Amino acid sequence: MSGGIGTALVTGATGFIGSALAARLAAEGTRTVCLVRAESPRKGRLDGLAGVEVRGVESWSSASIARAIEGLAPDVVFHLAASGVSPDARDVESLAEGNVALTNRILTALGEAPPRRFLFAGSCSEYAPAPEGERIREDHPLDPPSLYGAAKAAAALFGKALAARLGIAFVPLRLFGVYGPGEAPSRLVPHLLSHFRAGTTPALTPGEQARDLTYIDDVVEALIAAATANGIEPGHAYNVCSGVPSLVREVALLAARAVGKEGADLGLGRRPYREDEPMWIVGDPARFHEATGWRARVSLEEGIRRMAGANGNS
């Protein structure tokens, strides 16, 4: 089993990160229980994963959650479910319901049998914009420019306070950019690979935005390390990131090279930057490294090459 995790409860298991995590936990012998909405169109991502137990909830109501986890006493909870991950699903009510309310309902349902650790998947979107060249540390101001970032920050703050009352060890993990096989086709790397394979030209900004990107396998390793490492302090936030700035134009170059289209038109400058688009989002992973020993291993070039070779489906 993964680092001594006997039973893990995973929310958001039909998502990009959650499905990769569930597969890894189950493969290593952890009893892996996934809370999934009964009508989720992505339930199929968990089909055929040996050792993964799916428990359906009719809705994310307190009653449905309580029924679904009745009798379950997980060692670790990986709370990855959230509203607003996709930019086209960020209406105000959904953001509040699917982040703040959902986190608190799950914590409350666990109050009778507190897990050893509750990992909350937060976001770099919680931070205030940082000046170019400054790697964002966990003590950087929380002043998110987006409603999504505000919803994640509010969920973490309220969840931390409620968890303390319930005696649950709550650990916020602020994830930066995550990429790899299985992510949505609209995301940057799959979008680029699809265009270059088809011989078409993507429409990109000038591509000078710096982003902090971590390959999915490294992120799964980080989640397991956060669940098991003795150095993790409940209530303290940790950045999960590479700490390496990558320009969007560099990502496009690597994607073209990975499918043998080096020299192709990258489509840079075909559309303007968004008005609210930060030019620099790069984290400092030092606190998490010191607590767990984890660091990102897969380079951006290698990660994109793996995606390009993943049966052409990235």
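Details of the structure are given in the entry above.
Residues numbered from 1 in each chain as written. Predicted model: local features only at pLDDT ≥ 70, side-chain atom pairs only at ≥ 80, totals over all residues. Heavy atoms only, no water.

Caption draft 1: The arrangement of the pairing of strand S8 (residues 210-215) in detail. Counted residue by residue, S8 has five buried out of six residues, so it is predominantly covered. Across three bridges, strand S7 (residues 177-179) lies against S8 in parallel orientation. Bridge pairing in S8 places Gly177 opposite Leu213. For the segment spanning S7, helix H5 (residues 188-198) and S8, crossover handedness is right-handed. Relative to strand S11 (residues 280-281), S8 is paired through two bridges, and the arrangement is parallel. Considered in S11, the bridge of Arg211 is made with Ile281. (Buried < 20%, exposed > 50% of the residue type's maximum accessible area, 1.4 Å probe, protein only. Helix = DSSP H or I, 4+ residues; strand = E, 2+ residues; numbered from the N terminus. Pairing = 2+ DSSP bridges. Right-handed = clockwise from strand over helix to strand, strands pointing away.)

Caption draft 2: Fine view of the sheet that holds strand S1 (residues 7-11). Strand order in the open sheet made by the seven strands is S3-S2-S1-S4-S5-S6-S9, with parallel pairing throughout. Two strands lie at the open edges of the sheet, namely strand S3 (52-57) and strand S9 (238-240), each paired on one side alone. Between one strand axis and the next, the sheet turns by 25° as a mean value, whatever way the strands run. The strands that helix H4 (residues 147-166) touches are strand S5 (117-123) and strand S6 (170-175); relative to S5, the one it contacts most, it runs at about 160°. (Axes fitted to C-alpha atoms, helices over the stretch in contact; angles between N-to-C directions. Contact = heavy atoms within 4.5 Å.)

Caption draft 3: How the structure looks around the packing of aromatic side chains. Under the criterion given, the structure shown has six aromatic pairs. A ring pair is formed by Tyr127 and Phe176, whose centres lie 6.3 Å apart and whose planes are at 35°; its orientation type is tilted. Of the two residues, Tyr127 sits in the loop between S5 and H4 while Phe176 sits in the loop between S6 and S7, which places them 49 residues apart along the sequence. Residue class for Phe176 comes out buried when judged on its relative accessible area of 6%. With 5.5 Å between their ring centres and 65° between their planes, Tyr179 and Tyr215 make a pair best called edge-to-face. A residue pair is termed long-range when its members are at least 10 positions apart, and Tyr179 in strand S7 and Tyr215 in strand S8 qualify at 36 residues. Residue Tyr179 shares its accessibility class with Tyr215, and that shared class is buried. Chaining the aromatic ring pairs together yields one cluster made of Phe118, Phe120 and Phe170. Stacked on the ring of Tyr238, the Lys or Arg Arg287 has its end atom at 5.9 Å from the ring centre. (Phe/Tyr/Trp six-rings, centres within 6.5 Å; stacked < 30°, edge-to-face > 60°. Lys NZ or Arg CZ within 6 Å of the ring centre and 35° of its normal.)

Caption draft 4: Representation of the nonpolar core in the model. Residues Ile17, Leu21, Phe78, Leu173, Phe288 and Ile304 are the most contacted members of the largest nonpolar core, which totals 57 residues. In terms of residue count, helix H6 (residues 216-228) provides more of this core than any other element does, nine residues in total. Counting 22 residues, the second largest nonpolar core, distinct from the first, contains Leu107, Phe120, Leu162 and Ala163. (Core = buried A, V, L, I, M, F, W, Y, C linked by side-chain atoms within 4.5 Å.)

Caption draft 5: Local environment of the pattern of salt bridges. Applying the stated criterion to the full structure yields 19 salt bridges. Its salt-bridge partner being Arg274, residue Glu277 comes within 3.9 Å of it at the nearest N-O pair. Classification of Arg274 by relative accessible area gives partly exposed; the value is 48%. Here the salt bridges do not stand alone but share partners, grouping Asp217, Arg257, Glu262, Glu301, Glu302, Arg305 and Arg306 into one network. (Salt bridge = Lys/Arg side-chain N within 4 Å of Asp/Glu carboxyl O.)

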